[in-house]
Amino acid sequence: MSDAYDPEKDGAKMSYKNDMSYGDYLDMDNLVAAQRPLSSAHDEMLFIIQHQTSELWMRLILHEISAARPLIAAGKHNQAFKMLARVARIFEQLNNAWDVLRTMTPSDYSHFRDDLGASSGFQSHQYRLIEFMLGNRNTNMLQVHEHRPDLHARLAAELEKPSLYHVALNALEVETGTTFAPEVYRMNTPHESSDEIIAAWTKIYRAPEEHWVLYELAEKLVDLEDYFRRWRFNHVTTVERVIGFRRGTGGTSGVKYLRRMLEVELFPELWHMRGGL
Ligand code: HEM
Ligand SMILES: N[C@@H](CC(=O)c1ccccc1NC=O)C(=O)O
């Protein structure tokens, strides 16, 4: 008689004829049906899975920020901190994932790049939504979504709401007893650094023990932006490694465009105030 482990004898439920199974719950049939390479190139599967997993993690980032934002607005900071810490961790996960994609050489990629046509991460609506939610709101980025009115509407609707940074700034006003110029809260333009906000954050950082909650909020935001910057840097370095300085499939200048994006500052005052402490 075999002494192989028998899960049934151990009490494991073995029949799922009438019960929800792992695959049912996770919709595995659809999940594994969603990888449909257009070429016979070996590395296209890697490319697809890398992007799909990134998009799944982005979905979770959106879920967390959507929940954190109203909590901050309602003064429930501790609950929001947990979510923001998770967002930073997800970015770390996305950053580590580049190590897998980096195993694809320019010759590997050349076997299927033409099959991608004009599609590009530039058209990732979830990525743009993350940027919009955080406060980097460049409305010129909306147009590529016009062919999908549902997604375009979702992005446009985000521009009607205060960004995550807006709600943090509002909490900063309350804490420091200041009132920022109304332009600070313009909703459909990228946030621009302002001296009055630098002054307010400086107050917090000069006496952290008196303003602990705002201090913690500020550091959570800095952490998040730190990881986001690393994602951009990993992306542009991988792009240079794989396609050099060629134009992107999405039509931009490629590495030159992505290098310009490295200069984006999501929460500029939180960086600019540091040298003045
Ligand atoms: C070999 C791998 C990759 C290459 C060669 C590449 C190349 C590029 C290029 C050239 C652009 C500029 C837009 C264009 O003209 O196409 C771009 C943008 C973008 N890519 Fe990738 N990419 C790669 C992997 C990824 C991965 C794994 C993701 C994860 C989702 C991603 C997400 C994005 C996003 C979100 C943008 C827009 C960035 C922005 O507008 O700031 N890319 N990519
Ligand atoms: N923009 C890339 C193509 C690319 O990477 C891509 C194509 C389709 C879907 C996602 C992509 N990833 C990031 O841009 C290129 O120019 O080679």
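Rules used in this analysis
All residue numbers here refer to positions counted from 1 along the written sequence of the relevant chain. Note on labels: chains are lettered from A, ligands numbered from 1, in written order. Two thresholds apply to this predicted model, a pLDDT of at least 70 for residue-level local features and 80 or more for giving and counting side-chain atom pairs, whereas whole-chain, interface and lining totals are computed over all residues. Axis angles are defined between N-to-C directions and span 0 to 180 degrees, where every axis is a line fitted to C-alpha atoms and, for a helix, only to the segment in contact. Each helix corresponds to a stretch of at least 4 residues labelled H or I by DSSP, and each strand to a stretch of at least 2 residues labelled E; elements are numbered beginning at the N terminus. Roughly parallel here means an angle under 35 degrees, roughly antiparallel means over 145, roughly perpendicular means 65 to 115, and every remaining angle is called oblique. Put simply, a crossing is left-handed when the front helix is turned counterclockwise from the back one by less than a right angle, and right-handed when it is turned clockwise. Each residue is represented by a C-beta atom placed from its backbone, and any two residues with such atoms within 7 Å are regarded as in contact. Only Asp, Glu, Lys and Arg are considered charged, only Ala, Val, Leu, Ile, Met, Phe, Trp, Tyr, Cys and Pro nonpolar, and every remaining residue, Gly among them, polar. Between the buried cut of 20 or more and the exposed cut of 12 or fewer other C-beta atoms within 10 Å of a residue's own C-beta lies the partly exposed class, and all C-beta atoms are placed from the backbone. One confidence number per residue, pLDDT, is output by the predictor and ranges from 0 to 100. The C-beta atom of each residue is placed using the backbone, and any residue whose C-beta lies within 6 Å of a molecule or strand is treated as near it. UniProt positions are given in the numbering used here, feature names are shortened, and annotations may be inferred rather than shown by experiment. Each nonpolar core consists of buried Ala, Val, Leu, Ile, Met, Phe, Trp, Tyr and Cys residues. Their C-beta atoms, within 7 Å, join them into a set.

(A) Main features of the packing of helix α4 (residues 77-101) against helix α10 (residues 212-243). Running from amino to carboxyl end, α4 crosses α10 at an angle of 15°, the nearest separation of the two axes being 9 Å. In terms of orientation, α4 lies roughly parallel with respect to α10. Our pair here, α4 against α10, has a crossing hand that is left-handed. Facing α4, whose interface residues are H77, F81, L84, A85, V87, A88, F91, E92, L94, N95, W98 and L101, α10 presents V213, E216, L217, K220, D223, L224, Y227, F228, R230, W231, N234 and T238. Class assignment for the residues of the contact of α4 with α10 results in 15 nonpolar, four polar and five charged.

(B) Molecular detail of helix α6 (residues 125-134). Along α6, eight of the 10 residues are buried, which leaves the element largely enclosed by surrounding structure. Here α6 has its buried residues at H125, R128, L129, I130, E131, F132, M133 and L134. Against the buried residues of α6 lie α3 (44-73), α7 (149-158) and α8 (164-176). Positive phi appears at G135, one or two residues downstream of α6, with a value of about 135°.

(C) The arrangement of the confidence of the model for the protein chain in detail. Per-residue confidence for the protein chain averages 97 on the pLDDT scale, and 100% of its residues sit at or above 70. ipTM for the predicted complex: 0.98, alongside a pTM of 0.97.

(D) Seen up close, the site of ligand 2. Taken together, H51, R113, L116, S119, S120, G121, I243, G248, T249 and G250 make up all the residues around ligand 2. Residues of the shell around ligand 2, tallied by class, amount to two nonpolar, seven polar and one charged.

(E) Just the site of ligand 1, in detail. Near ligand 1, the surroundings consist of 24 residues, among which S120, G121, G248, G250 and T252 are the closest. Of all the secondary structure elements, the ones that give two or more residues to the shell around ligand 1 are α3, α10 and α11 (255-261). For the shell around ligand 1, the element with the highest residue contribution is α10, accounting for five residues. In terms of residue class, the shell around ligand 1 is built from 10 nonpolar, 14 polar and no charged.

(F) Molecular detail of the UniProt feature "binding site: heme" (unreviewed entry) in the protein chain. In the numbering adopted here, UniProt assigns the feature "binding site: heme" (unreviewed entry) to H235. Residue placement: H235 occurs in helix α10.

(G) Summary view of the nonpolar core. In this structure, L164, A168 and W201 are the most contacted members of the largest nonpolar core, which totals 36 residues. In this structure W201 touches L172, A218, E269, L270 and M273, once residues within four positions along its chain are discounted.

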